[in-house]
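# Descriptive analysis of the structure
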Amino acid sequence: MMLDAGIILIATFLGLLIIGVPIGICIAVSSMATIFIALPPDIAIFTTAQKMVSSLDSFTLLAVPFFILSGVLMNHGGIALRLVNFAKLFSGRIPGSLAHTNIMGNMMFGAISGSAIAASTSIGGVMVPMSEKEGYSRPFSAAANIASAPTGMLIPPTTAFILYALASGGTSISALFAGGLVAGCLWGFGCMLVAYMTAKSRGYTTKIDLRNSSVWKVITDALPSLFLIVIIIGGIVLGVFTAVEASAISVIYTMLLTICFYRTINFSTFQAALIKALETTGVIMFLLAASAAMSFAMSITGLPSALSSIILGLSDNPVIVLLVITVMLLAIGCFMDIGPAILIFTPILLPITNQIGLDPVHFGIVMVFNLCIGTITPPVGTGLFVGAGIAKEKVENLLLPLLPFYIVIMFTLLLITYIPQITLFLPRLMGL
Amino acid sequence: MLTIHAAMDKILKLSCCLLFISMVGVASWQVIARYVLNTPSTISEALLRFSLVWLSMLAIAYVTGQREHVSLTLLTDKLTGKWRIGCDFLMEFLFIAFSAVVLIYGGIQATSNSMSQIYPMLNIPKGLLYLSLPVSGVLIIVYCLNNCLIIYKNAFLTRSHAL
């Protein structure tokens, strides 16, 4: 055990993080500093380089750039309005129908595009102004849009679960996807419940308005893009293809759909989408490679076992241990992006939850759910700030309307944390 | 310097896009080969992994050039003047130091050490995999020097405006 190495690791990391250094560099530099203490410089450098490459040399990891590319293509392909119209078919007569449409739109678009920000911008960008025209209060519509935006990061396909599967050393991606589907839908339904109550008390009602297009047209417009989710989940669950193959198929499918069927993507937008996907890939891969160096550095310091003995020393009651971990993850999520948080904290927390007998699939879903909440809370929730920007509202004005959503989401979190059967029944049913 | 930046952008974009698209093609081929032709392709998996390492390392360099790596900007957004410039320079310096030490120095060591090993299935030296590190390192350093120049120029320009 090397305590000084641990202190150097944490101090360097936090110091660099606070002054705004890119997180990948924070991870890499603090890990290097730690490894230098334990090993001779030549070997330390060589080992770091080797760890970085071997973390990238993984077949499972291929799913990340592929799902990103198909998401970006769908995003560029103008499916937002099609999904909005489709969602209206279901929510047309419920009180607060426009808020429900927004929430359902976010769930579908978020799943397909794999980006909460893209969902709240595209769907909310249409729905929030429309709701205001129909007499909804703008802070309320904006809150509904923001609160439901992260659902797409839980509903498959999502890169968050692939990163967790890698960081946890081979948890089944298919099982995570199936459980994430349940968790994401619960989150969405929770938001719809809040929207329903608010709308009912304020008397928001809207008639179906399909903007002069027939029901049939709306369905045929939207179904092909939603079919992507069916192909991926169905294909993986039935064992037709692996998660990696599914990601390649989804790229081919979205290319066919947006280029040939919708005809919304041409050569130059295709190029732009490729570059965008490339940039996102570069960001994630840097974090991944750097955190491989970090987990090596961690093993030198013995920090994970120290932390686990602290947490397990607090109580031997699994309920309390789980609560401590949940509070920790919520705090981490408030300051950190989902990707780096998963890569850094999975190797630390997983041994603890294993020890109290938690299923790794269950913990993965709880962890991503937890971190998702951080994306819509102050101080650095990107979803919150982007959503406020879309609605042209100040963040301060949105916190009160967001409060009931936060409460329901937190309640859902506790529910899926303490009742593993809720998220695990679907993967178990499918024999994953 | 700016023309070098633009040229590097163009070359990197082109090569990465081509690599990316071919990877999609190879991966789809693997599914087709397994199902339709009933002959599982063994080379494609190794080829894809090899390409992924190269694609990742090149993409990392490209993103560094665009200064798009994620960071916590809660505090730095409020910085102005000298402090802001200092922080910006520090970041570029850290990137340069990291590239020089780990990517280039460590990468060359890893490459030369593993030239005699064979990458499974593809029958090429494993060193070619590690070669992506120094290549990416050199690209990052050129990008960072260029970014430094831009930061310096901007700082100089804003100061003369203030006067």
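It should be emphasised that the depicted structure is a prediction, and the values quoted were computed from it without experimental measurement. (Residues numbered from 1 in each chain as written. Chains lettered and ligands numbered in written order. Predicted model: local features only at pLDDT ≥ 70, side-chain atom pairs only at ≥ 80, totals over all residues. Heavy atoms only, no water.)

### Remarks on the overall build of chain A
Per the secondary structure count, chain A includes 20 helices and zero strands. Relative to a compact globule of 432 residues, whose C-alpha radius of gyration would be 22 Å, chain A shows 22 Å and is just as compact. Counting only C-alpha atoms, chain A reaches 70 × 45 × 45 Å along its principal axes. Split into buried and exposed, the 432 residues of chain A put 61% on the buried side. Restricting to contacts in chain A with at least 6 residues of sequence separation, those with at least 24 account for 79%. Element-wise, carbon and sulfur atoms account for 70% of the exposed surface of chain A, whose accessible area totals about 15500 Å². (Helix = DSSP H or I, 4+ residues; strand = E, 2+ residues; numbered from the N terminus. Rg over C-alpha atoms; globule rule 2.2 N^0.38 Å. Buried < 20%, exposed > 50% of the residue type's maximum accessible area, 1.4 Å probe, protein only. Contact = heavy atoms within 4.5 Å. Areas by Shrake-Rupley, 256 points an atom, 1.4 Å probe, with all protein chains shown as cover.)

### Re the layout of surface pockets
Residues and elements named next belong to chain A. Size it by volume and the second largest pocket reaches roughly 530 Å³. For the second largest pocket, the lining is made up of 21 residues, of which Ile-10, Phe-13, Leu-14, Met-336 and Phe-345 are closest to its centre. If you list the elements that add at least two residues to the lining of the second largest pocket, you get α1 (3-18), α13 (267-301), α14 (303-314), α15 (318-335) and α16 (338-355). With six residues, the single largest contributor to the lining of the second largest pocket is α1. (1 Å grid on protein atoms, 1.4 Å probe; cavity = no way out; pocket = protein on both sides within 12 Å on 5 of 7 lines; lining within 4 Å. Points joined across faces, edges and corners; volume = space filled by probe spheres on them.)

### Thoughts on the environment of Trp-29 of chain B
Residues and elements named next belong to chain B. With respect to the helices, strands and loops of the structure, Trp-29 is situated in helix α1 (residues 2-35). Along the backbone, Trp-29 and Leu-58 are 29 residues apart, and their C-alpha atoms lie at a distance of 24 Å. When near neighbours in sequence (up to four residues on either side) are disregarded, Trp-29 contacts Leu-37 and Ser-41.

### Some details on the confidence of the model for chain B
Residues and elements named next belong to chain B. Considering every residue of chain B, the mean pLDDT works out to 87; 95% of them sit at 70 or more. Here helix α5 (residues 132-162) stands out as the element of chain B with the lowest mean pLDDT, 83, in contrast to helix α2 (residues 43-66), whose mean of 94 is the highest. Across the interfaces of the predicted complex, the ipTM metric reaches 0.92, alongside a pTM of 0.88. (pLDDT = per-residue confidence, 0-100.)

### Here's the deal with the interface of chain B and chain A
Taken together, the contacts link 53 residues of chain B with 52 residues of chain A. For the pair chain B and chain A, the summed buried area comes to about 4900 Å², and 81% of that belongs to carbon and sulfur atoms. Among the residues chain B hides against chain A, the three largest losses belong to Phe-20, Val-70 and Leu-72 of chain B. Together they make up 14% of the total. The tally of links from chain B across to chain A stands at two salt bridges. Among the secondary structure elements, those contributing two or more residues to the side of chain B that touches chain A are α1, α2, α3 (81-113) and α4 (127-130) of chain B. Per-element accounting of the side of chain B that touches chain A gives the leading share, 15 residues, to α3 of chain B. By residue class, the composition of the side of chain B that touches chain A is 37 nonpolar, eleven polar and five charged. (Buried area = accessible area lost by both parts, 1.4 Å probe. Salt bridge = Lys/Arg side-chain N within 4 Å of Asp/Glu carboxyl O. Nonpolar A, V, L, I, M, F, W, Y, C, P; charged D, E, K, R; others polar.)

### As for the packing of helix α4 (residues 63-76) of chain A against α13 of chain A
Residue and element names in this part refer to chain A. Direction vectors running N to C along α4 and α13 enclose 140°, while the axes themselves pass 9 Å from each other. In terms of orientation, α4 and α13 fall into the oblique class. Considering the relative orientation of α4 and α13, their crossing is right-handed. Taking contact as the criterion, the partners of Val-64, Pro-65, Ile-68, Leu-69, Val-72, Leu-73 and His-76 in α4 are, on α13, Thr-269, Phe-270, Ala-272, Ala-273, Leu-274, Lys-276, Ala-277, Thr-280, Thr-281, Ile-284 and Met-285. By residue class, the composition of the contact of α4 with α13 is 13 nonpolar, four polar and one charged. (Axes fitted to C-alpha atoms, helices over the stretch in contact; angles between N-to-C directions. Parallel < 35°, antiparallel > 145°, perpendicular 65-115°, else oblique. Left-handed = near helix turned anticlockwise from the far one by under 90°.)

### Considering the pattern of salt bridges
On inspection of all chains with the given rule, the structure shows eight salt bridges over all chains. Of the charged contacts, one joins Asp-57 of chain A and Arg-49 of chain B as a salt bridge, the two residues approaching to 3.0 Å between their closest N and O atoms. Of this pair, Asp-57 of chain A sits in the loop between α3 (41-56) and α4 while Arg-49 of chain B sits in helix α2, placing the two residues on different chains. Where Asp-221 of chain A meets Lys-217 of chain A, a salt bridge forms, and the shortest distance between an N and an O atom there is 3.1 Å. Here Asp-221 of chain A and its partner Lys-217 of chain A are both found in helix α11 (residues 215-237), four residues apart, which amounts to about one turn of the helix. Ionic contacts of the salt-bridge type, sharing partners, join the residues Arg-82, Lys-217 and Asp-221 of chain A into one network.

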